[in-house]
Amino acid sequence: MATFVDRVVLHLQAGDGGHGCVSIHREKFKPFGGPDGGNGGHGGSVSLVVDPQVTTLLDFHFHPHVKADNGKGGAGSNRDGANGHNLVLKVPNGTVVQTTDGTVLADMVGAGTTFEVARGGRGGRGNASLANARRKAPGFAELGEPGDQLDIVLELKSVADVGLVGFPSAGKSSLISVISAAKPKIADYPFTTLVPNLGVVRLDNHTFTVADVPGLIPGAATGKGLGLEFLRHIERCAVLVHVIDSATLEPGRDPVADIDAIEAELSQYGGLADRPRLVAVNKVDVPDGRDLAEIVRPDLEERGYRVFEVSAATREGLKELTYAMAELVEAERKAAPPAEPTRIVIRPMAVDDAGFTITAEADGSFTVRGVRPERWVKQTNFDNDEAVGYLADRLARLGVEDKLAKAGAEPGDLVRIGEREFDWQPTLYAGVEFVPGNRGTDVRLEEKSSRASAAERLAARKARRVRPADEVGVDEVGADAGDDDIEDDAE
């Protein structure tokens, strides 16, 4: 017997991006031909797609760990790394994607519906892509961005037009086997049906699906028996049909009491009060069953139910029941709003949106949150001073330095960006222009830099242009002595 699984927990890992490459082009008579490090490839993403041929989540039950391919690293000669292959998982129609805390991410209904649940990481740029007019030969490259890693819950809710509900052994499986091509397991003991059965009914110009939902007993909505596991399969049904056993020998059981018990469970589960109901009193081929059906029929009709006396064994009354199902299904389809194509919604960033936020924590530290700052930190190699200086330049251009100052940050305060923590020293970054140095180093990060500042160099240059005072005094004395000699000669 095939195993039916309608709820699984998946552990997803999207592919990591490949690292960028640090490389310098070299050839004969051209030892320094410029940077030529290639970019890393993007990591593969994990997506879900609805496949009509898939009816259960059994494959994910045995293989709950899913990982996409990583991107390949870049190489010299401007060779980019290969992208990781995207992973597409096929799920049944009606699968609900949730987080582990119950937040719904997607409700996948309709063949071909696709949802990207885990995005692959971006590949890091090589030093050829990072070169500019001032940084002609970067001695660093970006690291690949890690892919998304999360746990999700897949929950299957059958997509059917009509749901058959009733006590165990009421004849639901037998009924669906004769009105459709479904072949469920049938036996004469309770809880024979351990999985929801789905059948397609074709009647003249009408086609609709019927689901046999098992496990409904008193207390099912609170987890008793199997009801709580399968009540979710009724949520999408447009019409509910009570299948009543009119030939049961259990004490305290009669059609009215059975309907009251099932309705109490449906009411407790919630969300099903607006669904139209039909009542199928089954097993009227048994003499006692036919007599009981005739007795309870007036009481059920007084409650507003349309009652049909049927027999799955002799197929008596099934034609009238299926026509009534088709009538209600067509009415529900006409009343439903017309399906609209999926609209692509573009939400541009606001003009005054900097793309990040700064939060002052209670311990005196500051936390920077934002997609770009956090991604930049993940892609920075902190073992390379030049890469750290490049990160500082990017954060300063984004406005992080200014906002930290406005938020009250002082030099030496702890600043968190993603998983990294820094001691904020704005004098090292903000407003300081990039100074070329040896590849892989940045003089701005040196604690004691031997390089004079621009103001100091300007002052020294001006000082060299001014003549010393002692030289000026000697020239003036010599000039006066020469004048006295001229006067003596004249006399």
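Residues numbered from 1 in each chain as written. Predicted model: local features only at pLDDT ≥ 70, side-chain atom pairs only at ≥ 80, totals over all residues. Heavy atoms only, no water.

(A) Representation of the environment of proline 138 within the structure. Structurally, the position occupied by proline 138 is in the loop between α2 (127-130) and β8 (149-156). Judged by relative accessible area, proline 138 falls into the buried class, the value being 0%. Sequence separation between proline 138 and glycine 37 is 101 residues; the distance between their C-alpha atoms is 9.8 Å. Residue contacts for proline 138: discarding those within four places in its chain leaves Val22, Pro35, Asn127, Leu130, Ala131, Glu386 and Arg439. (Helix = DSSP H or I, 4+ residues; strand = E, 2+ residues; numbered from the N terminus. Buried < 20%, exposed > 50% of the residue type's maximum accessible area, 1.4 Å probe, protein only. Contact = heavy atoms within 4.5 Å.)

(B) Spotlight on the sheet that holds strand β14 (residues 306-309). Read from one edge to the other, the open sheet built from 6 strands follows the order β10-β11-β9-β12-β13-β14, with strand pairing classed as mixed. Every other strand in the sheet has two partners, leaving β10 (197-203) and β14 as the edge strands with one partner each. Pairs of neighbouring strands in the sheet enclose a mean axial angle of 25°, with direction left out of account. The strands touched by helix α7 (residues 318-335) within the sheet are β9 (162-165), β10, β11 (206-212), β12 (239-245), β13 (277-282) and β14, with β11 carrying the most contacts at an inclination of about 105°. (Pairing = 2+ DSSP bridges. Axes fitted to C-alpha atoms, helices over the stretch in contact; angles between N-to-C directions.)

(C) Structural detail: the pairing of β13. Burial runs high along β13: 6 of the 6 residues are buried. Both faces of β13 are covered, namely the face carrying Arg277, Val279 and Val281 and the face carrying Leu278, Ala280 and Asn282. Of the pairings in the sheet, the one linking β13 to β14 comprises 4 bridges and is parallel in character. What sits directly across from valine 281, in β14, is glutamate 309. Handedness of the crossover joining β13 and β14 through helix α6 (residues 287-302): right-handed. (Right-handed = clockwise from strand over helix to strand, strands pointing away.)

(D) Molecular detail of the side chain of arginine 275. The topology assignment puts arginine 275 in the loop between α5 (255-269) and β13. The class for arginine 275 is buried, based on a relative accessible area of 18%. Here the side chain of arginine 275 touches cysteine 237 through a polar contact of 2.7 Å, landing on its backbone oxygen. Engagement of the side chain of arginine 275 in a polar contact is seen with the side chain of aspartate 274, the distance being 3.3 Å. Residues contacting arginine 275, with those up to four places away along its chain left out, are Ile234, Glu235, Arg236, Cys237, Ala238 and Leu240. (Polar contact = N/O pair within 3.5 Å; in protein donor to acceptor, adjacent residues only side chain to side chain.)

(E) View of the sheet that holds strand β16 (residues 366-369). Across the sheet, 4 strands lie side by side as β15-β16-β17-β18; this open sheet has mixed pairing. Both outer strands of the open sheet, β15 (357-360) and β18 (420-423), are each paired with one neighbouring strand and no more. Taking each pair of neighbouring strands and ignoring which way they run, the sheet shows an average axis angle of 25°. Pairing between strand β17 (residues 414-417) and β18: 4 bridges, direction antiparallel. Paired with valine 415 across the bridge in β18 is phenylalanine 422.

(F) A look at empty space enclosed by the protein. This model, assessed by the stated rule, comprises 1 cavity of 30 Å³ or more. Roughly 60 Å³ of internal volume is contained in the largest cavity. Lining of the largest cavity is provided by Phe140, Ala141, Glu142, Trp376, Gln379, Thr380, Asn381, Ala387, Tyr390, Leu391 and Arg394. Counting residues per element, the lining of the largest cavity draws most heavily on helix α9 (residues 385-398), at 4 residues. Residue composition of the lining of the largest cavity, grouped by class: 6 nonpolar, 3 polar and 2 charged. (1 Å grid on protein atoms, 1.4 Å probe; cavity = no way out; pocket = protein on both sides within 12 Å on 5 of 7 lines; lining within 4 Å. Points joined across faces, edges and corners; volume = space filled by probe spheres on them. Nonpolar A, V, L, I, M, F, W, Y, C, P; charged D, E, K, R; others polar.)

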